[in-house]
Amino acid sequence: MYVKAVAQASFIAASLLSAALSQAEGIRDYRNVAISGDGERLVAIETPPAVGGQRQHAAIVVRDGSNGRILWASDPCGSCSYDRPSWSPNGKSVAFIGSDSKAGSATLYVAEQGKARAVAVVKGVANTARWSPDSKTVALLATPGAKKETGATAAGARLVGEIGSEEDAQRIATVPAAGGELKLLSPDDTFIYEYDWTPDGKGFVATGAKGNGDNNWWVAKLAYVDAATGALRIIASPTTQLNMPRVSPDGKTVAYIGGLMSDFGSIGGDLYTVPLAGGEPKNITPGFKGTFNGLAWKRKGLVGTALMGDQQTALAVDASSGKIEKLWSAAVTSSGSDGRLSFSADGSMAAGTVEDYEHAQHIVAGRLPQLSQVTHDNDDSAPQVAVRNIAWTNEGFNVQGWLLGPQKTEAGKTYPMVVRVHGGPASAVTPRYIAADGGGDALVRELVKKGYYVFLPNPRGSYGQGQDFARANRRDFGGGDLRDIQAGIDAVLKTVPVDGERLGIMGHSYGGFMTMWTVTHSHRFKAAVAGAGIANWISYYGQNGIDQWMIPFFGASMYDDPAIYRQLSPIETIKHAKTPTFIYVGERDVETPAVQSMEFWHGLRAMGVPTTLVIYQDEGHSIRKPEHQRDQRERTIAWFDKYLGK
C-alpha cells in the first residue's frame, strides 16, 4: 500500500463514503433489484458472502417473485462488474452491462434462462441498459474512449497536456436485441445523464448538458432525442436540478423529480410535470413534507418513493391534482430499479432490497401495500449495535437523527461519542445494517465495539422534511445546520450516558467541510476527522471540477459575490481552531481537490493545532481500495482513542 503522508503524526482517518464497498463474511449482497412487468420474477446483482476475507464475484440472479426461489443465474464475465439488470417488456429476457476496467471495455449482454450472449461491446465505459417497448431493441449510455470512469466521485483523469480540450461525452446508443451494429444517437457534444424510452419507441426523454459531464449536471436540461436520427430537442430548462425523467403511457407528459440537489445520484425533491412537446414545468407536490427519491409512470399512474422523516415510503400520485396516497412505509433503507423500489408494469406490485441498523439486507416483494421478505440468506446475521431514533426541534424545525451505541452499558459509566455529519449537503442518513465482520459501515461497528456512541444527525439542508427544510442552509453553510447538530447533541445527552466532555466530530465531503467549520467555530469537540473537505470556498471555486453545483447554494458565482464565499470559509476563522484534527483526501479527487485539505492542514499547523494530512494515491472522492479503507479505519479509531481518553 502506498500512502503519501504530508505530516509527522501517525494517525490517519477512516473511510466514510466507501465503507460499504467491502463485503462481510456471512452476508449476501443484493443490488439493483428489478421486478418483471407481470410481477412474477425478480432479477438482481447478487454477491455471495466473502470467503477468508476475499470478496466473491457477483452474478445476475433471477428469482421467483412470490417465494424468492432462484430460477437461474448468469455470470458471463469473471473480470467484470455488472450494472442494473433490466427486464424486457415481454418478460423473456434480461439485459445488463458488464464492465471490465482492466480491458477498458463494457459489454452489453442479453440473458435468457441463465444463458447470456454478448450483444455489443463498447471500447470505453457504458451503463443503464433499457429495452424498447417492443422488446426488439436495447438502449444504453455509452462513452467510447472514456478517459475516466463515469461520475465526479471517480478518480479524475490526470491533469496534463491541454486542459479541457477534450471532454468525455456519454451518449444514448441502441443495438438490436438479437445483435448487430451499435448506433450512437445523441449529439457528441452533449453528456446524457439519464434517459427513458417514450411509449411509442420512437424516441427518448433525457437529461443532458453540453460540455464536461462531471461539472454540468447541475445545469442539465430536459430533452427529447429522436431514436431514428439522434436529433435533440429541448423540452424544458428547469431552475432546479432534475432526476428520473419518465413519460406518461399516452406519450404526452413527462414527470421528473426536481429540487435543490448537491450531487448526481443523491436524488431528492418534489414531482414536476411538463408536456413532452415542451413548456413550463409544474410542481404537482408543492409543500410535500418529505423528499421524493424514486419515480415511475405505470399504466395506473404515477408511483414513487420518498423519504418522510425516518420512514421510507411508497406513494401513488395523481398527475393532475398531485393528490398523494401512501402505499407502504418502513424505517429502512431500500433500493430498486425505480429509485427506492421497483414497480410492476401496472404499479400494483413492488420489490426491492431493505435493511436497517439491526437487520441485514434482504429482498422484499409483493402486492402493495404488503411487501413480504422473499430471501433469507442473511437471517442469521444478528444485531451488533443498539439503535435509537432521536427527534428534536430547533429554531422552528423538526430534526431527526440516528444514535448507535453499545448493546450493553455499565451502570454509572459514561461513554465518549463521535458525531458524523453526512455529505451533500442535500442527502440524509438512513438505516444500513452494521455487520459483525467485514462489510457494511465497518468504522461505526468498530467504534461502537470499542465503547463509543455514534450520532448521525440529519440537520437542515437534509432530505426527508420537504423542500423548505432542504433549502434552509442556502448561503448559510455551517450556520443553522451546525446549530441543529448542537441541539441534537444536547438531546442525546439527556437520553444516554454520553460524556459531554469527550465528544468527537467527523465527516466526508460536505461533512468534511462541516468538520473544518466546526473546529474553527466551536471548542466543544476534543477530536476531529475531516475527509475530503473544503477549507476555502474562494480558492475551491477555481480548483474543483464541479463548480456548477455551488451557484444554486450560494446564489451567485464566486466572481459575482465573493463575500458570501469568504464568509463561509473555515480558513477565514482558522485562528479560533484548537481541536486536534486529522485530514485525509484522495489524490485525484475531482469534487474536493487535495489542495483544499492541504490548505486547512497548513493553517492548523501554523496555529499549533495537532494535525495530520494523508493523501491517498490514485483515489478519487470515494476511497475505494480496500487497503486504503482499512488503513483509514484503523487509524481514525486510534486518533479518537488518543484524544477522547480511551
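Glancing now at the packing of aromatic side chains. Tallying each qualifying case throughout the model produces 33 aromatic pairs. Pairing Phe477 with Trp537 gives two aromatic rings, centres 5.7 Å apart and planes at 50 degrees, and the pair type is tilted. With Phe477 in the loop between α2 (467–470) and α3 (480–493) and Trp537 in helix α5 (residues 537–543), this pair connects stretches of sequence that are 60 residues apart. Each member of the pair Phe477 and Trp537 is classed as buried. With a centroid separation of 6.0 Å and an interplanar angle of 40 degrees, the aromatic rings of Phe513 and Trp517 are classed as tilted. Of this pair, Phe513 and Trp517 are both found in helix α4 (residues 510–519), four residues apart, which corresponds to roughly one turn of the helix. According to the relative accessible area criterion, Phe513 is buried, its value standing at 0%. Through pairs of rings, three or more aromatic residues link up here, namely Phe477, Tyr510, Phe513, Trp517, Trp537, Tyr540, Tyr541, Trp549, Phe553, Phe554, Tyr559 and Tyr565. Over the ring of Trp87 we find Arg41; its NZ or CZ atom is 5.3 Å from the centre of that ring. Sitting over the ring of Tyr195, Arg130 keeps its end group 5.8 Å from the ring centre.

Next up on the list: the pairing of strand β8 (residues 105–112). Across the eight residues that make up β8, a large majority, seven, are buried. In this sheet, β8 lies alongside strand β7 (residues 94–100) in antiparallel orientation, the contact comprising seven bridges. Paired with Ile97 across the bridge in β8 is Leu108. What sits between β7 and β8 in their antiparallel hairpin is a turn of four residues, with Gly104 showing a positive phi close to 70 degrees. The pairing of β8 with strand β9 (residues 115–122) spans seven bridges and is antiparallel. The residue of β9 that forms the bridge with Tyr109 is Ala118. The hairpin turn running from β8 into β9, its antiparallel successor, is two residues long, and Gln113 in that turn takes a positive phi close to 50 degrees.

Before going further, it helps to spend a moment on the packing of α3 against α4. At a minimum axis distance of 11 Å, the contact between α3 and α4 shows a crossing angle of 80 degrees. Classified by the angle between their axes, α3 and α4 sit roughly perpendicular to one another. Facing α3, whose interface residues are Asp481, Leu482 and Ile485, α4 presents Tyr510, Met514, Trp517 and Thr518. Each residue belonging to the contact of α3 with α4 can be placed in one class, and the counts come to five nonpolar, one polar and one charged.

A word on helix α9 (residues 626–643). Compared with the 26 Å implied by 1.5 Å per residue over 18 residues, the 26 Å span of α9 between its first and last C-alpha is a close match. By the burial criterion, the buried members of α9 are His628, Gln629, Asp631, Gln632, Arg633, Thr636, Ile637, Trp639, Phe640 and Asp641. Once α9 finishes, Gly645 follows within two positions and takes phi at roughly 80 degrees, a positive value.

As summarised here, the arrangement of the four strands in space is β2-β3-β4-β5, forming an open sheet in which the pairing is antiparallel. Each having just a single partner strand, β2 (29–35) and β5 (70–74) make up the two edges of the open sheet. Along the sheet, successive strands turn relative to each other by an average axial angle of 25 degrees, direction set aside. Where strand β3 (residues 41–47) and strand β4 (residues 59–64) come together, six bridges link them in antiparallel fashion. Pairing of Ala44 across the sheet is with Val61, part of β4.

Procedures and definitions
- Residues numbered from 1 in each chain as written.
- Predicted model: local features only at pLDDT ≥ 70, side-chain atom pairs only at ≥ 80, totals over all residues.
- Heavy atoms only, no water.
- Phe/Tyr/Trp six-rings, centres within 6.5 Å; stacked < 30°, edge-to-face > 60°.
- Helix = DSSP H or I, 4+ residues; strand = E, 2+ residues; numbered from the N terminus.
- Buried < 20%, exposed > 50% of the residue type's maximum accessible area, 1.4 Å probe, protein only.
- Lys NZ or Arg CZ within 6 Å of the ring centre and 35° of its normal.
- Pairing = 2+ DSSP bridges.
- Axes fitted to C-alpha atoms, helices over the stretch in contact; angles between N-to-C directions.
- Parallel < 35°, antiparallel > 145°, perpendicular 65-115°, else oblique.
- Contact = heavy atoms within 4.5 Å.
- Nonpolar A, V, L, I, M, F, W, Y, C, P; charged D, E, K, R; others polar.
- Expected span 1.5 Å × (residues − 1).

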